[in-house]
Amino acid sequence: MSQELKIGVVGVGAIGRTHIERINGKLQGAKVTACADVNVDFGKSVAEKYGCKFYADGEEMIASDDVDAVIVTTIDPYHEQYVMAAIKAGKFVFCEKPLAPEPEACRRIVEAEMAGGKKLVQVGFMRRYDQGYRQLKKAIQSREYGEPLMLHCAHRNPAVDENYTTPMAVENSMIHEIDVLRWLLNEDFATAEVVFAKNTRRTHKNLMDPQIMILTTKSGVRIDVEAFVNTGHCYDIKCEVCCEDAILNLPEPSNIEVCAKAFRGHAVHSDWSTRFVDAYNVEIQEWIDATKAGRVDGPTAWDGYAGQVTAAAASKARDAQTVVKIEMDEMPEFYK
Ligand code: ISE
């Protein structure tokens with residue numbers, strides 16, 4: 001396909017709108033031609049702003065000739081419905097993480113995609129497109145520094161609102177580490193555990209913060225991930241990989257160093273949308289290019305399923321305060 005890819009976006013909340021802006025304003029080879037949202041008045045105002053056609057019914061938009069490919073950015077529980085509609089229409093679909101909140105729903109998507117006989121689904125795990133993580137993966141996979149043995153990671157947000165509860169540390173935040181670490185190390189996890197630190201005074205009654213998730217991979221790599229979502233001061237992502245012959249660290253995003261007022265240092269990010277803005281741009285551009293070439297190059301529906309199986313095990317481990325073994329089906333040939 002050489003002409004512009006016509007994209008339909010289902011769900012025009014914040015992330016949906018930033019994807020529309022990046023596709024229409026920054027990226028090449030595609031245009032958002034339609035959008036859909038259950039909130040009709042708001043959806044219409046977004047469609048008007050970006051000059052695209054509005055549909056109150058997302059499934060109708062997906063089936064229409066107005067769109068060649070679909071982006072799903074609704075709230076998580078509706079992902080399955082629209083991804084399934086895209087598979088039914090035989091259209092490529094990019095779905096923000098998580099593919100679906102429950103592993104069973106992800107599995108249904110996997111089955112539907114395999115039944116259709118063609119990979120169509122990509123999951124929005126944008127960290128795989130961050131230059132720093134890409135450098136780490138290259139260094140690990142080269143084995144120049146020996147085998148990776150253990151990893152120390154941190155996922156720190158400045159603040160979350162009162163709707164963010166204890167399970168979300170795994171399911172909404174550390175799900176990113178679950179995916180990116182599985183991709184970095186190129187293997188699945190064997191066990192999960194989640195322990196609590198002393199609660200920060202900034203948290204509320206429905207959120208234990210910070211938490212530490214401990215994962216082991218099938219080959220025995222040991223990983224700890226700190227989720228501290230009310231640091232009060234920064235958005236900070238760390239990933240230190242201890243290999244046999246070297247310690248590899250995720251680079252800090254670059255920023256000028258300022259020396260002033262008896263202080264020397266550089267600004268740090270305060271939000272994920274700026275920290276990973278380049279990764280999002282690369283992710284969507286690569287998705288557009290692969291879609292036009294008739295391929296899925298990024299995280300697949302199987303990766304979405306594997307992530308949710310791991311997250312469900314970690315949640316179970318947290319609730320029972322024990323170590324949980326991760327049971328996952330064998331990856332089908334279709335995804336290899
Ligand atoms: C949010 O939903 C994200 O996806 C961000 O990347 C993550 O850092 C944040 O903790 C989540 O709440």
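Okay, so let's go over this structure. Computed from a predicted structure; not experimentally measured.

Here we take up the pattern of salt bridges. Enumeration over the complete set of coordinates arrives at 20 salt bridges. Across the pair Arg134 and Glu286 runs a salt bridge whose closest N-O atoms are separated by 3.2 Å. Taken together, the residues span a long stretch of sequence, with Arg134 in helix H6 (residues 131–142) and Glu286 in helix H9 (residues 277–292) at a distance of 152 residues. Looking at Arg134, the relative accessible area reads 27%, which means it is partly exposed. Looking at Glu286, the relative accessible area reads 31%, which means it is partly exposed. With a shortest N-O distance of 2.8 Å, Arg182 and Asp303 are connected by a salt bridge. Residue Arg182 is found in helix H7 (residues 168–185), and its partner Asp303 is found in helix H10 (residues 301–320); the two are separated by 121 residues along the sequence. Neither residue differs from the other here; Arg182 and Asp303 are each classed as buried.

Right, let's talk about the site of the ligand for a bit. Around the ligand, the surrounding shell consists of Lys97, Met126, His155, Asn157, Tyr164, Asn172, Ser173, His176, Tyr235 and Trp272. Between the ligand and the protein, one listed contact pairs an oxygen atom with a side-chain N or O atom of Lys97 at 3.1 Å. Here an oxygen atom of the ligand and a side-chain polar atom of His155 are 2.6 Å apart. Within the complex, the protein chains bury 88% of what would otherwise be the 300 Å² of accessible surface of the ligand. Mapping the ligand onto the cavity grids shows that it belongs to the largest pocket. Counting residues per element, the shell around the ligand draws most heavily on H7, which supplies 3 residues. When the residues that make up the shell around the ligand are grouped by side-chain class, the tally is 4 nonpolar, 5 polar and 1 charged.

So, how was this worked out
Along each chain, numbering runs from 1 in the same order as the chain's sequence is written. At least 70 in pLDDT is required for a residue's local features to be given in this predicted model, at least 80 for side-chain atom pairs to be given and counted, and no such filter applies to totals for whole chains, interfaces and linings, which use all residues. Side-chain measures here rest on the full set of heavy atoms in the structure, leaving out hydrogens and waters. Here, a salt bridge means any Lys or Arg side-chain nitrogen found within 4 Å of an Asp or Glu carboxyl oxygen. Every helix listed is a DSSP run of H or I at least four residues long, and every strand listed is a run of E at least two residues long, numbered separately from the N terminus. Think of it in three bands: residues with accessible area under 20% of the maximum for their type are buried, residues over 50% are exposed, and the middle band is partly exposed, with areas taken using a 1.4 Å probe on protein chains only. Throughout, the term near means that a residue has one or more heavy atoms lying within 4 Å of the molecule or strand in question. Pairs of N or O atoms within 3.5 Å make up the polar contacts considered here, provided that, within protein, one atom can donate a hydrogen while the other can accept it, and that residues adjacent in sequence are counted only when both atoms are side-chain atoms. Areas reported here follow the Shrake-Rupley algorithm with a probe of radius 1.4 Å; residue values treat only the protein chains shown as occluding. Only protein atoms enter the calculation, which uses a 1 Å grid: trapped sets of points that fit a 1.4 Å probe without letting it out are cavities, open sets showing protein on both sides within 12 Å along at least five of seven lines are pockets, and any residue with an atom within 4 Å of a point is a lining residue. Those molecules having more than half of their atoms within 2 Å of a cavity or pocket grid point set are described as sitting in that cavity or pocket. Think of it as three bins: nonpolar holds Ala, Val, Leu, Ile, Met, Phe, Trp, Tyr, Cys and Pro, charged holds Asp, Glu, Lys and Arg, and polar takes everything else, Gly as well.

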